[in-house]
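# Geometric and topological summary
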Amino acid sequence: MVKVRFAPSPTGYLHIGGARTALFNWLYAKAQGGIFVLRIEDTDRERSRDIYLEEILQSMTWLGLQWDELYKQSDRFDIYREQARKLVQEGKAYEEGPAVILTMPQQEIKLFDLIRGEIVFDAALMKDEVLLKSDGSPTYSFACVVDDALMGITHVIRGDDHISNTPKQLVMYQALGLKPPKFAHLPLIMGEDGGRLSKRTGAVAVTDYKRQGFLPEALVNYLLLLGWSPGNNQEKIGLDAAVKKFSIKQVQKSPAIFSLEKLTWLNAQYIKQSAPEKITDLLIPFLEEKGYLGEKYDRKKLETSVELYQSRMPTLCDFLARADFLFKDPVSFEEEALSRLKESRQDGNIAALAGRLAALSEFSVETVERAFREVVADIGIPASDLVHPVRILLTGKTVGPGLFETMALIGREKTVQRLTQKVHI
């Protein structure tokens with residue numbers, strides 16, 4: 001049975017590169033009917049933190065990458081020491097004080113990588129390799145080899161920055177008399193400037209993308225496209241469909257280019273095509289954090305607001321920025337909006353509209369539209385002359401959803417109040 005592992009170190013948050021590695025391991029396991037292991041490589045006692053571990057677990061869960069087995073290397077130190085002692089007893093390793101060091105053989109090492117094909121290394125050029133450090137903790141490579149072998153890992157899928165670790169790990173398998181797994185090294189993710197991914201070009205934690213209002217389905221979908229393609233120029237694909245199509249051998253060799261613009265576009269598609277109820281559920285924590293929702297809020301009204309903005313929301317946070325006027329009093333005016341309001345010179349006509357709206361017995365999209373059109377007809381001006389300054393007074397912005405839908409959402413009292421307020425321009 002296929003068994004793969006994702007092995008993050010809790011010395012930092014889960015970033016895009018690690019998330020992509022976790023996703024490809026998870027996909028391969030599911031596509032092959034196998035097992036996905038999450039192994040926490042916390043042998044670095046000084047730098048490992050519980051806060052990072054908790055964040056890694058939460059991010060994996062948020063992305064939908066549920067593991068079948070969970071291990072922590074810090075629980076397995078006795079196993080590594082036992083395997084190191086065995087190599088010393090067999091004359092394959094030697095001790096320097098409390099440290100244990102593997103003697104590297106003088107031989108050529110061949111690796112057949114599932115993505116890159118055959119890679120040849122010369123072990124004679126490599127120094128003897130430390131297995132146990134002087135504090136008794138295992139080195140990264142030795143712990144990896146022992147764990148992968150004893151856990152029955154059949155395929156090691158990781159970033160190609162680990163290729164340099166592979167020859168010494170193969171020597172360790174050989175020394176221990178263990179069969180190595182198959183290896184697949186994923187291409188690195190690069191920034192659009194052609195350099196290594198950085199915070200400026202997108203290398204931030206998964207939790208940062210969550211905080212910025214990206215949907216997990218969109219982020220997972222985008223990570224899928226970084227080095228792999230479902231074919232037929234398909235860009236939007238869910239996890240279930242990807243499992244049926246995924247093949248590790250189809251992963252590209254060349255570096256993947258991370259584009260925040262492409263991710264944002266894809267996120268907008270997911271938001272647009274989701275049920276308003278779902279987007280509302282996702283937005284509520286953001287709105288609560290801003291203090292926009294009281295203990296008793298109108299859920300139906302909130303869903304109606306979301307529906308108005310769904311087609312123009314690249315991220316969830318865009319709703320907070322574009323629809324803040326629904327939750328805040330007084331309205332915050334954009335600089336350009338104030339400039340346009342000053343140019344409109346419609347104060348008298350707006351006052352007439354406010355009076356007509358205040359007299360309505362029913363305040364709905366239909367009734368406010370009828371009242372508006374009656375006013376502009378009576379005055380004899382194009383509707384657009386009044387639409388723009390009215391929108392600015394109601395929302396503080398120059399663009400937004402339909403004016404009449406906006407009025408109905410705000411309600412009669414606030415609509416009339418905002419149309420009659422004194423604005424300092």
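This section reports on the structure supplied with the text. (Residues numbered from 1 in each chain as written. Predicted model: local features only at pLDDT ≥ 70, side-chain atom pairs only at ≥ 80, totals over all residues. Heavy atoms only, no water.)

For an α-helix, 3.6 residues make a turn, and residues three or four places apart therefore share a direction. Taken together, the buried positions of helix H13 (residues 335–344) are occupied by Ala337, Leu341 and Ser344. The buried residues of H13 occupy an angular sector of 60 degrees when the element is viewed end-on, so they sit on one face. For H13, exposure combined with an orientation more than 90 degrees from the buried face picks out Glu335, Lys342 and Glu343. One or two residues past the end of H13 sits Arg345, with phi positive at roughly 50 degrees. (Buried < 20%, exposed > 50% of the residue type's maximum accessible area, 1.4 Å probe, protein only. Helix = DSSP H or I, 4+ residues; strand = E, 2+ residues; numbered from the N terminus. Arc of directions from axis to C-beta.)

We now examine the pairing of strand E4 (residues 93–96). Pairing of E4 with strand E5 (residues 99–102) involves four bridges; the strand directions are antiparallel. Bridge pairing links Glu95 to Val100 in E5. In this antiparallel pair of consecutive strands, E4 and E5, the connection spans two residues, and Gly97 shows a positive phi of 65 degrees. (Pairing = 2+ DSSP bridges.)

Time to look at the environment of Trp265. By the secondary structure assignment, Trp265 is in helix H9 (residues 260–273). In this structure the C-alpha to C-alpha distance between Trp265 and Pro314, which are 49 residues apart in sequence, comes to 6.6 Å.

Here the focus is the pattern of salt bridges. In this structure the tally under the stated criterion is 26 salt bridges. Glu69 is paired through a salt bridge with Lys3; the nearest N and O atoms lie 3.2 Å apart. Residue Glu69 is located in strand E3 (residues 69–72), and its partner Lys3 is located in strand E1 (residues 3–6); the two are separated by 66 residues in the primary sequence. Judged by its relative accessible area of 12%, Lys3 is buried. Residues Glu217 and Lys278 are paired through a salt bridge, measuring 2.2 Å at the closest nitrogen-oxygen approach. Taken together, the residues Glu217 in helix H7 (residues 216–224) and Lys278 in helix H10 (residues 276–290) connect sequence positions 61 residues apart. Members of the salt-bridge network, linked through shared partners, are Arg5, Arg39, Glu41, Arg76, Asp147 and Asp148. (Salt bridge = Lys/Arg side-chain N within 4 Å of Asp/Glu carboxyl O.)

With 15 residues, H10 should cover 21 Å at 1.5 Å per step; its first-to-last C-alpha distance of 20 Å lies within 8% of that length. In the structure, H10 departs most strongly from a straight axis at Leu283, where the bend amounts to approximately 35 degrees and where the proline Pro285 lies between one and four residues downstream. Among the residues of H10, Pro276, Ile279, Thr280, Leu283, Ile284, Phe286 and Leu287 are the ones counted as buried. Of the surrounding elements, those touching the buried residues of H10 are helix H6 (206–211), H9, helix H11 (299–309) and helix H12 (316–322). Where H10 terminates, the next one or two residues include Gly291, which has phi positive at roughly 80 degrees. (Expected span 1.5 Å × (residues − 1). Bend = angle between axes of the 7 residues up to and from the residue. Contact = heavy atoms within 4.5 Å.)

For the bond running from Asp329 to Pro330, omega is 0 degrees, close enough to zero to count as cis. With respect to the element layout, Pro330 can be found in the loop between H12 and H13. In the Ramachandran plot, Arg345 falls in the positive-phi region, its phi being about 50 degrees despite a non-glycine side chain. Arg345 sits in the exposed class, given a relative accessible area of 73%.

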